[in-house]
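Chain and residue survey
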Amino acid sequence: MSTSFIPPEWGQSLAETIFPDVQTTMNLFGIHLRTVSTDWQYPIHDHPQYEINYVLQGQQLMTVGSQSYVQQEGDLMILSPGTSHSSRTIDGQSFTYFCIHFDIDDRLFLSLLERLNQVIFRQSSAVAQALRPHLLKIAQPIDHTDEHIITRRMRLQASVFELFGVLWEAISNEAAGLAPASYAHVEMAHQIAARLQGIANRNIVQLEATSDSHYGIDDIAAELGISPSHCNRIFHQVFAISPRSYLSNLVLHKSKLLLSDQRMSIQDIASILGYRDIAHFSRQFKRWSGISPSHYRKNQMVMPSECKA
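Residues numbered from 1 in each chain as written. Predicted model: local features only at pLDDT ≥ 70, side-chain atom pairs only at ≥ 80, totals over all residues. Heavy atoms only, no water.

1. Focus: the overall build of the protein
Helix and strand counts for the protein stand at 10 helices and nine strands. Per-residue burial over the protein gives 40% buried out of 309 residues. Partitioning the intrachain contacts of the protein with sequence separation of at least 6 by distance along the chain shows that 74% fall at a separation of at least 24. On the protein, roughly 16700 Å² of surface is accessible, and the fraction owed to carbon and sulfur atoms is 52%. (Helix = DSSP H or I, 4+ residues; strand = E, 2+ residues; numbered from the N terminus. Buried < 20%, exposed > 50% of the residue type's maximum accessible area, 1.4 Å probe, protein only. Contact = heavy atoms within 4.5 Å. Areas by Shrake-Rupley, 256 points an atom, 1.4 Å probe, with all protein chains shown as cover.)

Right under this line is the structure:
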């Protein structure tokens, strides 16, 4: 069974750094490197993913909506989901391009892409220059016939995540066409979420309290240089729930992971999560999930046999 992170007892750690949880899902579609014929053309179409289109050699005419762009070698285009576009050769000249279609569930990253009012980044731009070595690395055709398919897939995912990290930095630095106030709020909300994740990974939560200050909101707000009310308001605007509810969901998830491990007693789990006694933990768990910890654990034990039937 999977278990949540179990922190050491107080007094055992000499130093500790809590890193943000990573719960990002990325999907990659139709990645291809293509050299086209002299009379090549691709009809008008759209797709539900973002597209990164990069010309490695020659030039292509890319029409996006009603606007046409001559995309030269080294020019980068980023197209939003649902954007109609087509492409073709220019003056009967062949060209080579590389294309990635993707979607990702990282709200902060998407908020940055959604605020772009720029479709093409010329070869001389900071964005295209920063991304070029990473795009060439991914596009490089290498013979991996002796490598397991899972290994190749993981290497590809790692390279694309690295590309996205560079894209984030490059676009953030250029900040072309962004709405600063709105963007700053989204980033602030994710900083708050990261700190709440750190609290959830410690055995110091006091979940019977009614004030958000007992959930670390006052401390988080002070660290970020904002008031607790502003902290709550920004967080709710981005995540549509309060910081307290977000933390409760994190601790409930952690509780369920621990309860799935039959080797641990409910008393031990209550202690790990920072509750003063098992009764307190049971009341809180039932308030969140509608059933007691013992009932939840019993259901987890029954599920495998029910699936077999």
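2. A closer look at the sheet that holds strand β4 (residues 59–64)
Across the sheet, four strands lie side by side as β2-β7-β4-β5; this open sheet has antiparallel pairing. A single partner strand is all that each edge strand has here, and the edge strands are β2 (41–45) and β5 (67–72). In this sheet, neighbouring strand axes are inclined to one another by 20° on average, regardless of whether the strands run parallel or antiparallel. Where β2 and strand β7 (residues 85–89) come together, three bridges link them in antiparallel fashion. Across the sheet, residue Y42 finds its bridge partner in β7, namely S87. (Pairing = 2+ DSSP bridges. Axes fitted to C-alpha atoms, helices over the stretch in contact; angles between N-to-C directions.)

3. A word on helix α9 (residues 278–289)
Helical geometry note: an α-helix holds 3.6 residues per turn, so side chains three or four residues apart project in the same direction. When the terminal C-alpha atoms of α9 are compared, their 16 Å separation across 12 residues agrees well with the 16 Å that a helix rising 1.5 Å per residue should span. Its side-chain oxygen at 3.2 Å from the backbone nitrogen of A279, D277 defines the N-terminal cap of α9. Following α9 by one or two positions, G290 has its phi on the positive side, about 90°. (Expected span 1.5 Å × (residues − 1). Polar contact = N/O pair within 3.5 Å; in protein donor to acceptor, adjacent residues only side chain to side chain.)

4. Overview of the pattern of salt bridges
Summed over all chains, the structure comprises four salt bridges. Across the pair D75 and R122 runs a salt bridge, and its minimum N-O distance is 2.7 Å. One end of the pair, D75, is in the loop between β5 and β6 (76–79); the other, R122, is in the loop between β9 (120–121) and α2 (126–139), with 47 residues separating them in the sequence. Take R122: its relative accessible area is 35%, and that puts it in the partly exposed class. (Salt bridge = Lys/Arg side-chain N within 4 Å of Asp/Glu carboxyl O.)

5. What about the packing of helix α5 (residues 217–224) against helix α6 (residues 228–239)?
Put simply, α5 and α6 touch, their axes get as near as 8 Å, and they point 95° apart. Accordingly, the angle class assigned to the pair α5 and α6 is roughly perpendicular. In contact with I217, D218, I220 and A221 of α5, α6 contributes P228, C231 and N232. Across the contact of α5 with α6, the residue classes tally to five nonpolar, one polar and one charged. (Parallel < 35°, antiparallel > 145°, perpendicular 65-115°, else oblique. Nonpolar A, V, L, I, M, F, W, Y, C, P; charged D, E, K, R; others polar.)

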